[in-house]
Each structure stands twice: as C-alpha cells, then as structure tokens.
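One-letter residues, chain by chain:
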Amino acid sequence: MKDTDVLDSPNAIEFKSVTKKYGDVVAVDNLNLSIPRGKITVFVGPSGCGKTTSLRMINRMVEHTSGEILVNGEPNTAQEPHKLRRSMGYVLQQAGLMPHRTIVDNIATVPRLNGTSAKSARTEALQLMETVGLDTSLAKRYPAQLSGGQAQRVGVARALASNSSILLMDEPFSAVDPVVRQDLQKELLRLQSELQRTIIFVTHDIDEAVLLGDYVAVFAVGGRLAQFGTPEEILREPADDFVASFVGRDRGMRRLTFAGASDVKIHPLTSQHTPWQQWELKVEDGKPAGWIIDGRTIPGGSLFVEGGTLRDALDSVLSSPSGVGVAVDRNGKVLGLLKSEDVLAATEAERHRRYGVNA
Amino acid sequence: MNIFDKTWAWFTADGAWTGAGGIFQRVAEHLGYSALILLIAAVIAVPIGLMVGHTGRGENVVVAITGALRALPTLGLLTLFALWLGLGLVAPIAALVILAIAPLLAGVYSGIAAVDKVTVDAARAQGMTESQILRKVELPLALPLIFGGIRNAALQVIATVTVVAYINLGGLGRYLIDGLAVRDYPRMVAAVVLVALLALIVDALLALLQRALTPRGTR
Ligand SMILES: Nc1ncnc2c1ncn2[C@@H]1O[C@H](COP(=O)(O)OP(=O)(O)O)[C@@H](O)[C@H]1O
Ligand SMILES: [Mg+2]
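None of these values were measured; they are calculated from a predicted model.

Moving on to the sheet that holds strand S1 (residues 11–22) of chain A. Residues and elements named next belong to chain A. Spatially, the four strands line up as an open sheet ordered S2-S1-S4-S5, and their pairing is antiparallel. Of all strands in the sheet, those bounded by a partner on one side alone are strand S2 (25–36) and strand S5 (74–75). Pairing analysis gives two bridges linking strand S4 (residues 66–71) to S5, with the strands arranged antiparallel. Within S5, the position partnered with Val71 by the bridge is Glu74. With respect to the sheet, helix H2 (residues 51–58) is in contact with S1, S2 and S4, its orientation differing from that of S1 by roughly 120°.

Below is the structure:
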C-alpha cells in the first residue's frame, strides 16, 4: 500500500490478523487493517462479506476467533466489554432507541451509565440535539413519535454523548428515503469537520462510501479485505477484478466527483430571458424556474452550484431539457449557463492531467 | 321466595358480614391465602421467566412445563398432595402454587422474550451490563405481558382457592362446602357471587396498577 503517511500516523484501531468463524463459515478472513484517527473510514462491499462482523468485533459485540484488535494501542480484550462499549458510540440501521424513554433520556444513556448526574447528562443531551440538528422541543417526545430521519439523528446524538472519540456506524442511513439520506450524509460531513472523531462507517453503497470516506476498505465475498485506500485511489486503480466490478460501470462518472469544475466557462445571461437556440431560461426572483419553448414551460434539470465538481457540471448539462446547464450561486441565484462542449473539454483536460500528458 | 330473594335475605341477615364466620372474615381469609399462594408462585416463576426470556436458553423447557402445568386438574393435585402431605395448609397451598406458576411463568418469559431484539442489541452496544439490560430495558417493556400473567394467575387462584374449604380451612369456599352439607342453596349462590366479585375487583385493581407502572411512550 502506498499510504505510508497513513500507516505512520497514530491509528485509532488496528486489526492484526483477525479472523472470525461461525462454525465452518469464515465471516472475516485474516483482516489486517489500520484505521486512522480522526478520519472517516468506510467499510464497503456486497452483503454478507463481513462488514458488520468486522465492525462489531471492535466493541466486542462479536468476539473474534483469532488475531488481535488494538483500540488506541491497547488490545480491546484488556477491559470488560461494557466498559469498552461505553467508550465508543454505536449507530445502527434501525436507530434502536429505547421506546420507553424520552429522546433526551435516550441520548443521555451513556453519560448516565458513566455516572454523570441526571441533570448534567440532560444538559449535555440537549446540546447534542442541537449539534445533530434536532429541535430541542422534541426532547420530551418518545421515539415512536419521530420520523425515520429524526430517529437516526437521535441515534447519532446518543453515539456522540460522553465524548466518545470513536463512532461505529452500521448502515445508519440505509433505511431512510433518499432525500433524507442526502441530508443526513451532508450533516455527518459537517459534524465531522467540527468534531474530527474516528468514524467507521459500514455501507453496501459505493456512492455513499466515495462521498463520505476519507478512506475506504472494500470487502469481498468470504470476508476478505480486497483493497484499502482513498476513494480516489480505489476508483482510479482497483486492486483486482472484484474491486473493479464492485465500483462498477459508472466508475468514470464517479471519478469526476474528485475533479473541480473551475475550468468550465460560465456563459453570462445577456438579457433577463436569455435566448439559447430556441430555448429560453425562465428566471423568477433571480432563480431559475424552468425552460420555455414554443410558449410552454418545462421543468429544468439539476443545477450546477458554484464550486461544484465536474460530475455536477456534466449532470447539469445532461439533465437539462435544453442541453444547456444552469449555474447558480450558493443562494440559488442564476450565475449563467454551461455548454456541453465546455464540460467535455474540461473532462478531457482532467484526463490529460491525471496521466500527466500535456494536451 | 325465589332463590335470588333468598340469597338477598342471606346477605342482609343479622351477623352475615361481621363476626366469626362472617363475610368480612371469609373474604380476608380468601385474600390472605390467595396472596400467599401468588407470592410463593412469583418467587419461583419470576426469576426463571426473567432468565429464560433474557438468555433465550431453556425456552423449550419452559413452554413444555407451562403447557403441562395447565393440563393438571387442580382438585386431583390437591387430593394427591393432601394424601401425601396430610391435611394442613401445606397441601392446598402447594397445589395452588403449581396452578399459579404456569400463567406467571408464561407471562414473564414471553414478555421478556418479546422485547425487540434491536432495542436490546442497541442497549448492549451502548455499554449496559446484562443486569442493566434486564432491569432498565427488558423489564419495563415487558410489563404489559407480565401483568397479563399476574392477572391470569390471580383470577385462577382466587377462583380455585375455594377448594381449601374441603380440607377444613377458611375462605369463601366455606360457604360452598357448609351450604352443600345442609342444602342451604342461597348460601352457596352467595359464595359464588362473592368469589366472582372479589376476582373482578382484584383484576380491576391490578389493571390500575398496570396502567400506573407501564411507561409512557409504550402505551
Ligand atoms: N451470528 C451469526 N451466526 C452465524 N453466521 C453469521 C452470524 N453473523 C454473521 N454470520 C455470517 O457471517 C458472514 C458475514 O456477515 P456480516 O458481517 O453480517 O456481513 P455484512 O455486514 O457484510 O453484510 C455472512 O456469511 C453471515 O451469514
Ligand atoms: Mg451488515
């Protein structure tokens, strides 16, 4: 592996030749992996390849069959399981909240177990509700009264309590609908930029892995670690055929996620309704409101928000009914238009740069 | 006078309620035996139900035992115990304890076992010890089913504890046995009415207690 800088830095968690067997079934096969501190490491792979088992061996919800797991340099078997678990947060796919306790008491669970007074545990819990973007007016509600997305936020807040430096997250966003999932993903990245915890995040979705991971561990069938590296490395140089097929046919598109679109020219709007061939962009209060053709208004495509990636730029062009992308600023106001030939030229330039060729 | 008028007359006769052998005394005896029996049965059934429900070990045994206990005829059991242990308080109490164990054990076991596995898994992953999981998660969530078992057991015991009168003990069963001996049918009807009323009142009180104890959020 080329990440010597990663391997040299202090690691929060290290798997050393860790194997887990259930009878004859090998769930995790001789796993060697160092998880860097303060980063998001994603375990990704198809179902049944040992991601959950690997995650749960860290906090001994599953005991490994052989090998050693170091947490902050200490074997995780050095302390009693319940004490080890209180030192790290855990978020599950189905939030797993206690239905008989209020939201604030659910979040305060671990501080209370650690002996914090009820009053200060609640104060901490209320602060954590704000941290994860939950209205504190929900504090006295019960889990059954929450939406799926809200319940997941409570799960995250509960895991953050007691200042646990390690967060284990097992497909935390896969049971919520795609729109809510995107919100939660963004929110997690925002949180992480503030908190810089060591997060191990399990998903079967390569897009989610690429979006969230500072590092990605790709697991293959049979509990084998197929590749570990940055998302970009994994997309650029899949270690084997398995990884190549897992990262899938959209690999080229996903790569564009790592390329900026600053080269792509944004053509100014020259009048309020700019004619572009026979299409006209409809603008209301400075914001795009669809395209007009032959007097009909047609909903627009995806918008390119300034500072976005080349993938966003390409998508704005491909999804636009007029074939012309619309660029907006962070407030949603129209900045101008993107032409497909400019976007394609930028992908060409990116490709040349990637392989060190001068165009 | 028909039987209802006669029964009414029995209820309103001088000294029917107070004094030796009066209704108050018999009700107190009846409740005393019932409480003792339920208490002993609970001491046996609750810990077993909690352990089996929590660990999942011994489930088959519990299901088989509760089924078998339910099939036992109480009167037969009582006769057997009386022959074996002699005519005292021990034989009927032992027989009725066995009767009460089945619904209690089934209620506690199934209540704990029915708690959502994800909730328990999450509680464990937060760092609760096994005993904390049992006390703070499983027990509160199992309360409705546990109370179902308690109420079942209480109804059965209150109805059946009348049999102890066969072996010369007190309780409302006295009116049945003594009434039968002298063909005093109004007295027997009165006994049945009293037992039924007592069972209903106790059940209602337990229902109130259940409501008070069941955590909000799960109601
Ligand atoms: N408790 C268990 N008993 C037996 N086999 C198990 C158990 N848990 C997981 N496995 C097996 O271990 C393998 C890995 O499972 P898991 O870690 O849950 O995969 P993933 O999270 O990647 O979908 C699978 O083959 C699964 O069937
Ligand atoms: Mg899994």
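Counting residues in hydrophobic clusters, the biggest one holds 49 residues, and the most contacted among them are Ile23, Ile37, Ala100, Ile101, Leu172 and Tyr175 of chain B. Sorting the residues of this core by element identifies helix H1 (3–12), helix H2 (23–55), helix H3 (59–71), helix H4 (74–85), helix H5 (90–113), helix H7 (130–160) and helix H9 (185–213) of chain B as the ones contributing at least two each. Here this core takes twelve residues from H5 of chain B, the largest share from any one element. Discounting residues that sit within four places of it in the chain, Tyr175 of chain B has contacts with Trp10, Ala16, Gly21, Gly22, Ile23, Arg26, Leu180, Arg187, Met188, Ala191 and Leu194 of chain B. Membership of the second largest hydrophobic core comes to 48 residues, among which are Ile107, Val218, Ala220 and Val247 of chain A.

All names here are of chain A. The environment of ligand 1 is made up of Tyr22, Ala27, Ser47, Gly48, Cys49, Gly50, Lys51, Thr52 and Thr53. With respect to ligand 1, the backbone of Gly48 contributes an N or O atom lying 2.7 Å from an oxygen atom. At 3.2 Å, a backbone N or O of Cys49 approaches an oxygen atom of ligand 1. Taking 570 Å² as the accessible area of ligand 1 by itself, protein coverage stands at 58%. In terms of residues, the shell around ligand 1 owes the most to one element, H2, which gives three residues.

If you look at the interface, chain A gives 20 residues, while chain B gives 19 residues. In total, about 1,800 Å² of surface goes out of reach between chain A and chain B, with carbon and sulfur atoms giving 62% of it. When the buried area of chain A at its contact with chain B is split by residue, His100, Leu113 and Tyr142 of chain A rank highest and sum to 29% of it. Our enumeration of links across chain A and chain B arrives at one salt bridge. The interface formed by chain A and chain B contains four residue pairs in polar contact (both at pLDDT 80 or more). Residue assignment for the side of chain A that touches chain B shows that the elements contributing at least two residues are helix H3 (81–86) and helix H5 (109–113) of chain A. Split by residue class, the side of chain A that touches chain B holds nine nonpolar, six polar and five charged.

Residues and elements named next belong to chain A. Overall, the coordinates contain four cavities of 30 Å³ or more when judged by the stated rule. Taken as a whole, the largest cavity encloses approximately 60 Å³ of empty space. In this structure, the largest cavity is lined by Val132, Gln152, Arg153, Val156, Phe173, Leu184, Glu187, Leu188 and Leu191. Mapped by element, the contributors of at least two residues to the lining of the largest cavity are helix H7 (148–160) and helix H8 (178–195). A per-element tally of the lining of the largest cavity places H8 first, with four residues. Of the residues in the lining of the largest cavity, the class split is six nonpolar, one polar and two charged.

What counts and what doesn't
- Residues numbered from 1 in each chain as written.
- Chains lettered and ligands numbered in written order.
- Predicted model: local features only at pLDDT ≥ 70, side-chain atom pairs only at ≥ 80, totals over all residues.
- Heavy atoms only, no water.
- Pairing = 2+ DSSP bridges.
- Helix = DSSP H or I, 4+ residues; strand = E, 2+ residues; numbered from the N terminus.
- Contact = heavy atoms within 4.5 Å.
- Axes fitted to C-alpha atoms, helices over the stretch in contact; angles between N-to-C directions.
- Core = buried A, V, L, I, M, F, W, Y, C linked by side-chain atoms within 4.5 Å.
- Buried < 20%, exposed > 50% of the residue type's maximum accessible area, 1.4 Å probe, protein only.
- Near = heavy atom within 4 Å.
- Polar contact = N/O pair within 3.5 Å; in protein donor to acceptor, adjacent residues only side chain to side chain.
- Areas by Shrake-Rupley, 256 points an atom, 1.4 Å probe, with all protein chains shown as cover.
- Buried area = accessible area lost by both parts, 1.4 Å probe.
- Salt bridge = Lys/Arg side-chain N within 4 Å of Asp/Glu carboxyl O.
- Nonpolar A, V, L, I, M, F, W, Y, C, P; charged D, E, K, R; others polar.
- 1 Å grid on protein atoms, 1.4 Å probe; cavity = no way out; pocket = protein on both sides within 12 Å on 5 of 7 lines; lining within 4 Å.
- Points joined across faces, edges and corners; volume = space filled by probe spheres on them.

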